[in-house]
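Here are the chains, one letter per residue:
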Amino acid sequence: MKAKKMMALLMSAACVTSMCAGAFTVEAAESTGEVLHMMTYVDPQSNDPAQEKIYEVYEKFTEDTGIEIEYEIVPWDESESKLVIANQSGAAPDIALVSSQKLASLVNAGALQPMDEYIDRDLNRDDFVEAVWNAGTYSGDGQVYCMLSSAHTRGIWYNKNYVSDEEAPETWDEVVEVAKKAMAENEGIYGFGFWGGSHYAAVELTIGPLTWAGDGQLSNPEDGSAAWANQEVADAIQFMSDCYNVHKITPEICMNVSDYSTDVTQQFAAGNIAMILDGSYIKSRLEASDNAGNFGFVPYPAKTEGGSHPHFSNGWAWGIPRNAENPDLAWEFIKWFSQTDIQVQHSLVEGGLPIVKAAADDPAFSDELSPLFFDNLQYGRSMDPWLYYQEAQETLAIAGATYCLDPEKQDLNALLQESQDQFNDQYYSE
């Protein structure tokens, strides 16, 4: 039912560019004659130092095993659509790097195969951080379809020039209180920033976690349809609106995010915002700013005192396509990639956290912030299981932005119901 519509949607999105991408082979000193076909966004010729370093980690697989890697490089935002098409056309890679948050749509499209037999044969699940299983398990059947390459955790970043460690907020009310105090004591800054606007990151970083803090949900777990017309979602958006319209602690740029720009993060790094909601992955960017060394990190705020601190924890993940020619070879790479030393190397250049618990003891993560990131993973969870991931979140984000930018003229509950019905009519009508 939904799989055909999903396939058509992904095909139309991907056909605007060529299916073929540059391919090249890593030469092994003593080749086994085996070649692993990998689809990835990582391009060593992209002039991105981070991607060049990640590629060097991949090369080590050939050095260690003698198995060569043939790369198919695709744009990061087309990875899932191209994988679906390749899997259906008989040209599937052996392994693919995909966005873990889009797992439900990939499984629904028949693009991935489960890994549980491999995992239970070769790995100890207790050796891995829980985020690996939260992100990689499809709620529809409880099987694992992808394994994180690294884990991204999110929380409240704060500038210690404006907010002391003792003042770091734990609840929504404390966020407002601390933000107002910071603004009163430091002229020309804003107290609290977040991703709002029409981009789907507004749901991943703000609406979703604030909804979960009230034990709410965004979708129906049975089929991934929209279920955001509820009080918990309304409360989350109302809090965002109040921060901007009532408390005046949030700058306008936070309400107008329309693409994956970094304006919010840049303003925080520059010292213009006292606190923001963002991921551990911005650490290197902050360390390169003029305010380096002055940043703290705590979990997402609870809705009320004593409440939970959930956040969206995800990352790029390894998946084995349903029609992969060499799935066993793909698993050999995943198993190799899961080693502690490889995880440490990769995480240091990619910006995420290692997926194996033992890596937390490595001296490379003995700085002030890394232990906070590891501890924060306990509050992480995957996104609601959307079958139409980006389409659903953009629909909700637009509804939220519409209200926040003009709350006096909007009925929030009616707006959420209308957007929910519109989405479900478009994607779930018979």
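Overview of the structure.

Scoring rules and cut-offs
Residues numbered from 1 in each chain as written. Predicted model: local features only at pLDDT ≥ 70, side-chain atom pairs only at ≥ 80, totals over all residues. Heavy atoms only, no water. Phe/Tyr/Trp six-rings, centres within 6.5 Å; stacked < 30°, edge-to-face > 60°. Helix = DSSP H or I, 4+ residues; strand = E, 2+ residues; numbered from the N terminus. Buried < 20%, exposed > 50% of the residue type's maximum accessible area, 1.4 Å probe, protein only. Lys NZ or Arg CZ within 6 Å of the ring centre and 35° of its normal. Pairing = 2+ DSSP bridges. Right-handed = clockwise from strand over helix to strand, strands pointing away. Axes fitted to C-alpha atoms, helices over the stretch in contact; angles between N-to-C directions. Parallel < 35°, antiparallel > 145°, perpendicular 65-115°, else oblique. Left-handed = near helix turned anticlockwise from the far one by under 90°. Contact = heavy atoms within 4.5 Å. Nonpolar A, V, L, I, M, F, W, Y, C, P; charged D, E, K, R; others polar. Core = buried A, V, L, I, M, F, W, Y, C linked by side-chain atoms within 4.5 Å. Salt bridge = Lys/Arg side-chain N within 4 Å of Asp/Glu carboxyl O.

A look at the packing of aromatic side chains
And step 1. One pass over the full model with this rule turns up 31 aromatic pairs.
And step 2. On the basis of an interplanar angle of 15° and a centroid distance of 6.2 Å, the ring pair of tyrosine 58 and tyrosine 71 is categorised as stacked. Of this pair, tyrosine 58 sits in helix 2 (residues 49-65) while tyrosine 71 sits in strand 2 (residues 68-73), and the two are 13 residues apart along the sequence.
And step 3. Residue tyrosine 71 is classed as buried on the basis of its relative accessible area of 1%.
And step 4. Taking 4.7 Å as the distance between ring centres and 35° as the angle between the ring planes, the aromatic pair formed by tyrosine 388 and tyrosine 427 counts as tilted. Here the residue tyrosine 388 occupies a position in the loop between strand 11 (380-381) and helix 15 (389-405), and tyrosine 427 occupies one in helix 16 (residues 412-428), the gap between them amounting to 39 residues.
And step 5. Looking at tyrosine 427, the relative accessible area reads 10%, which means it is buried.
And step 6. Just above the ring of tryptophan 133 sits the side chain of arginine 125; from NZ or CZ to the centre is 5.2 Å.
And step 7. The ring of tryptophan 212 has arginine 381 lying over it, and the distance from NZ or CZ to the ring centre is 3.8 Å.

Digging into the pairing of strand 1 (residues 35-40)
And step 1. Most of strand 1 is tucked away: five of the six residues are buried.
And step 2. With six bridges connecting them, strand 1 and strand 2 associate as parallel partners. When the bridges of strand 2 are listed, methionine 39 appears paired with glutamate 72.
And step 3. Between strand 1 and its parallel partner strand 2, the chain crosses via helix 2, and the hand of that crossover is right-handed.
And step 4. Alignment of strand 1 against strand 3 (residues 95-99), held across two bridges, turns out to be parallel.

Topic: the sheet that holds strand 3
And step 1. What the five strands build is an open sheet, ordered 2-1-3-10-4; its pairing is mixed. For this open sheet the edge positions go to strand 2 and strand 4 (146-148), each flanked by a neighbour on one side alone. Across the sheet, the mean angle separating the axes of adjacent strands is 30° when strand polarity is ignored.

Looking at the packing of helix 8 (residues 201-212) against helix 9 (residues 231-246)
And step 1. Across the interface, helix 8 lies against helix 9 with an axial gap of 8 Å and an inter-helix angle of 125°. One finds that helix 8 runs oblique with respect to helix 9. The two elements helix 8 and helix 9 cross, and the hand of that crossing is right-handed. Here Thr206, Ile207, Leu210 and Thr211 of helix 8 come into contact with helix 9, specifically with Glu232, Val233, Ala236, Ile237, Phe239 and Met240.
And step 2. Split into classes, the residues belonging to the contact of helix 8 with helix 9 amount to seven nonpolar, two polar and one charged.

Some remarks on the nonpolar core
And step 1. Judged by nonpolar contacts, the single largest core of 141 residues is most densely connected at Tyr58, Met147, Trp157, Phe192, Met275 and Phe333.
And step 2. When residues in this core are grouped by element, the largest group, eight residues, is from helix 9.

Brief notes about the sheet that holds strand 6 (residues 190-193)
And step 1. Here four strands make up an open sheet; going across it, the order is 6-7-5-8 and the pairing mixed. Sheet topology places strand 6 and strand 8 (295-298) at the edges, where each strand pairs with a single neighbour. Strand-to-strand twist in this sheet, taken as the mean axis angle between neighbours without regard to direction, amounts to 20°.
And step 2. Looking at chain direction, strand 5 (residues 154-159) and strand 8 are connected through four bridges and run antiparallel. Each residue of the ladder has a partner; that of asparagine 159, found in strand 8, is phenylalanine 295.

Section: the packing of helix 15 against helix 16
And step 1. At their nearest, the axes of helix 15 and helix 16 sit 10 Å apart, and the two run at 160° to each other. Classed by the angle they form, the pair helix 15 and helix 16 counts as roughly antiparallel. Both helix 15 and helix 16 take part in a crossing whose hand is right-handed. In this structure, helix 15 contributes Glu391, Ala392, Thr395, Leu396, Ala399, Thr402 and Tyr403 to the contact, and helix 16 contributes Leu412, Leu415, Leu416, Ser419, Phe423 and Tyr427.

So, the environment of valine 132
And step 1. For valine 132, the position within the fold is in helix 6 (residues 130-136).
And step 2. When the C-alpha positions of valine 132 and methionine 383 are compared, they lie 13 Å apart, and in sequence the two are 251 residues distant.
And step 3. Sequence-distant contacts of valine 132, that is, excluding residues within four places in its chain, are made with Met147, Leu148 and Ile355.

Some remarks on the pattern of salt bridges
And step 1. Evaluated as defined, the whole model comprises 16 salt bridges.
And step 2. Glutamate 287 is paired through a salt bridge with lysine 283; the nearest N and O atoms lie 2.9 Å apart. With a gap of four residues between them, glutamate 287 and lysine 283 both fall in helix 11 (residues 283-287), about one helical turn apart.
And step 3. With relative accessibility at 19%, the residue lysine 283 sits in the buried group.

Overview of the pairing of strand 10 (residues 316-319)
On any regular strand, side chains alternate: one points to one face of the sheet, the next to the other face.
And step 1. Going residue by residue along strand 10, you find Trp316 and Trp318 tucked away on one face and Ala317 and Gly319 tucked away on the opposite face as well.
And step 2. In terms of strand pairing, strand 3 meets strand 10 through four bridges, oriented antiparallel. Residue pairing for strand 10: alanine 96 is matched across the bridge by glycine 319.
And step 3. As paired elements, strand 4 and strand 10 share three bridges and run antiparallel to each other. Residue pairing across strands places methionine 147 opposite tryptophan 318, the latter belonging to strand 10.

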